[in-house]
Amino acid sequence: MLKEVAAIRYVAPLHSGGSVPGVVEADDLGTYVVKFTGAAQGHKALVAEIVVGELARALGLRFPELVLVHFDPAVGGHEPHQEVQDLLRASAGLNLGMDYLPGAKDFTPEIARTFPVDPLEAGRVIWLDALTVNVDRTVHSSNLMVWPTLGIAPPRLWLIDHGAALVFHHRWDASSPEKAYDFRRHALGGHHPDTRAADAELAPRVTEDLLRAVLAEVPDAWLTDEPGFASPDAVREAYVGYLLARVRASAAWLPTDFPTREQLAAEDADRAERTQRGRPDWLKRVPDLHGKPAAEQDWSVHLG
Ligand SMILES: Nc1ncnc2c1ncn2[C@@H]1O[C@H](COP(=O)(O)OP(=O)(O)O)[C@@H](O)[C@H]1O
Ligand SMILES: [Mg+2]
């Protein structure tokens, strides 16, 4: 079972994350990155965090400890941002915490250029993401961290943030377990991932028993009120059934044939050039402020 702790200090919001997680100290003297139930992403993001994270851990991938965090909004009373106050007030009760990795660095494209990743490790991560249909581990939003960084031990890759995985739980009736996974822009696609070896190693380990054990970690409160299901256990069975069918169909979705970095760069340049051609002159002069390929920016949001 996941450990339960109580928050005693709200340290700071992590504004870089879309769900505004918060760094929180708890009564076990631990420091955690807390995902709040009041966030726009809702309960399903927290279910995905537990299911994919605990599956990752069971398969031997590095993933920080998860805990259930009892949160009293009074603990964050000093926080000046209205947006954060609203979030904390909407999150009284049970929330999800992940062990905070002090000094960890995001696995950015710059770091990725020089950080060595073993092809089998890259293959395992991509395999897990394909199994769990995780759409949020891309080059520019890797949700991978490098830790430790102080030179005490060699830095390693850690998985974080699986809130956008299990996309099938948004439409249970419309998603085939054989559905292909869009892996072209995966954060580790340029590291020669050996997904075939990962499939041979990991698929036999994702058993019905393992999936049941992982789903048992999800609190009932985050599995109630799911339309079409009579009870939290019925929802758990749906996750187990879907993932079991998907792992057995791995031949249908196994990502292979990754584009090289050069191919992706050429595609980016081509896309940017085509978008640029269709723009009015004044918009062509807007500078690239975010360091992302121009093709990934949607300047149309500024057009009102
Ligand atoms: N366990 C952790 N230890 C240290 N930093 C973290 C940890 N988890 C998240 N972060 C930092 O917070 C950012 C946002 O967290 P993330 O889980 O990706 O939230 P979101 O769902 O909002 O994207 C990450 O990009 C990373 O910089
Ligand atoms: Mg994230």
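Residues numbered from 1 in each chain as written. Chains lettered and ligands numbered in written order. Predicted model: local features only at pLDDT ≥ 70, side-chain atom pairs only at ≥ 80, totals over all residues.

**Here we look at the overall build of the protein**
At step 1: Check the secondary structure of the protein and you find ten helices and eight strands.
At step 2: In summary, the protein has a C-alpha radius of gyration of 20 Å against a globular reference of 19 Å for 304 residues, a match within 12%.
At step 3: In terms of overall dimensions, the protein has C-alpha extents of about 55 × 50 × 50 Å along its principal axes.
At step 4: Put simply, the protein has 304 residues, and 34% of those count as buried.
At step 5: Taking the intrachain contacts of the protein between residues at least 6 apart in sequence as the baseline, contacts between residues at least 24 apart amount to 73%. (Helix = DSSP H or I, 4+ residues; strand = E, 2+ residues; numbered from the N terminus. Rg over C-alpha atoms; globule rule 2.2 N^0.38 Å. Buried ≥ 20, exposed ≤ 12 C-beta atoms within 10 Å, placed from the backbone. Contact = placed C-beta atoms within 7 Å.)

**Here's the deal with the site of ligand 1**
At step 1: Lining the immediate environment of ligand 1, one finds 18 residues, of which Gly 17, Ser 19, Val 33, Leu 101 and Asp 161 sit closest.
At step 2: Grouping the amino acids of the shell around ligand 1 by side-chain chemistry returns nine nonpolar, six polar and three charged.
At step 3: Residue contributions to the shell around ligand 1 reach at least three from each of two domains, namely domain 1 (3-99) and domain 2 (105-253). (Near = placed C-beta within 6 Å. Nonpolar A, V, L, I, M, F, W, Y, C, P; charged D, E, K, R; others polar. Domains from an automatic or database assignment.)

**Notes on the packing of helix 4 (residues 119-131) against helix 5 (residues 195-202)**
At step 1: Between helix 4 and helix 5, the shortest axis-to-axis distance is 8 Å and the interhelical angle comes to 65°. Considering their axes alone, helix 4 and helix 5 lie roughly perpendicular with respect to each other. By crossing handedness, the relation of helix 4 to helix 5 is classed as right-handed. Note on element contacts: helix 5 touches helix 4 through Thr 195, Ala 197, Ala 198, Asp 199 and Leu 202, opposite Leu 120, Gly 123, Arg 124, Ile 126 and Trp 127. (Axes fitted to C-alpha atoms, helices over the stretch in contact; angles between N-to-C directions. Parallel < 35°, antiparallel > 145°, perpendicular 65-115°, else oblique. Left-handed = near helix turned anticlockwise from the far one by under 90°.)

**Notes on the packing of helix 1 (residues 42-58) against helix 6 (residues 208-216)**
At step 1: Interhelical geometry of helix 1 versus helix 6 gives an angle of 130° and a closest axis separation of 9 Å. Accordingly, the angle class assigned to the pair helix 1 and helix 6 is oblique. Remark: the crossing between helix 1 and helix 6 carries right-handed chirality. Here helix 1 contributes Val 51, Glu 54, Leu 55 and Ala 58 to the contact with helix 6, which in turn contributes Leu 210, Val 214 and Leu 215.
At step 2: Here the contact of helix 1 with helix 6 is built from residues that sort into six nonpolar, no polar and one charged.

**Structural notes on helix 5**
At step 1: Taken residue by residue, helix 5 has Thr 195, Ala 198, Asp 199 and Leu 202 as its buried positions. An end-on view of helix 5 places all buried positions within 100° of arc, on one side of the element.
At step 2: The inward-facing, buried residues of helix 5 contact helix 4 and helix 8 (250-253). (Arc of directions from axis to C-beta.)

**Quick notes on the confidence of the model for the protein**
Low-pLDDT stretches of the model should not have their predicted coordinates read in fine detail.
At step 1: Per-residue confidence for the protein gives a mean pLDDT of 92; residues scoring 70 or more make up 94%.
At step 2: The low-confidence segment residues 291-304, where pLDDT is below 50, has 14 contacts with residues more than four positions distant or belonging to other chains. (pLDDT = per-residue confidence, 0-100.)

**So, the sheet that holds strand 8 (residues 156-159)**
To summarise the sheet geometry, strands pair through backbone hydrogen bonds and adopt either a parallel or an antiparallel arrangement.
At step 1: Sheet architecture is open: three strands sit in the order 6-7-8, paired in antiparallel fashion. Lying at the two open borders of the sheet, with one neighbouring strand each, are strand 6 (105-106) and strand 8. (Pairing = 2+ DSSP bridges.)

**Side note on the sheet that holds strand 5 (residues 93-99)**
At step 1: Within the closed barrel, the five strands sit side by side as 1-2-3-5-4. Their pairing is mixed. When strand polarity is set aside, the average angle formed by the axes of neighbouring strands in this sheet is 55°.

**Some words on the domain arrangement of the protein**
Size of an interface, as often reported, equals the accessible area lost when the parts are brought together.
At step 1: When the domains of the protein are assigned, the result is domain 1 (3-99) and domain 2 (105-253).
At step 2: For domain 1 versus domain 2, the separation of C-alpha centres amounts to 20 Å.
At step 3: Between domain 1 and domain 2, the residue contacts involve 26 residues of the former and 27 residues of the latter.
At step 4: Here the side of domain 1 that touches domain 2 gets 15 residues from one element, more than from any other, and that element is helix 1.
At step 5: Here the residues of the side of domain 1 that touches domain 2 are counted per class, giving 17 nonpolar, four polar and five charged.

**Thoughts on the pairing of strand 7 (residues 144-147)**
At step 1: Both strand 6 and strand 7 contribute to a ladder of two bridges, which runs antiparallel. Paired with Lys 105 across the bridge in strand 7 is Val 146.
At step 2: Relative to strand 8, strand 7 is paired through four bridges, and the arrangement is antiparallel. Residue Leu 144 lies in a different strand from strand 8, and its bridge partner there is Leu 159.

**What about the environment of Gly 189?**
At step 1: Along the chain, Gly 189 falls in the loop between strand 8 and helix 5.
At step 2: We classify Gly 189 as buried; it has 21 C-beta atoms within 10 Å.
At step 3: Put simply, Gly 189 and Ala 122 are 67 residues apart on the chain and 7.7 Å apart in space, counted from C-alpha to C-alpha.
At step 4: Those residues within four positions of Gly 189 in sequence are excluded, and the remaining contacts are Phe 183, Arg 184, Phe 258 and Pro 259.

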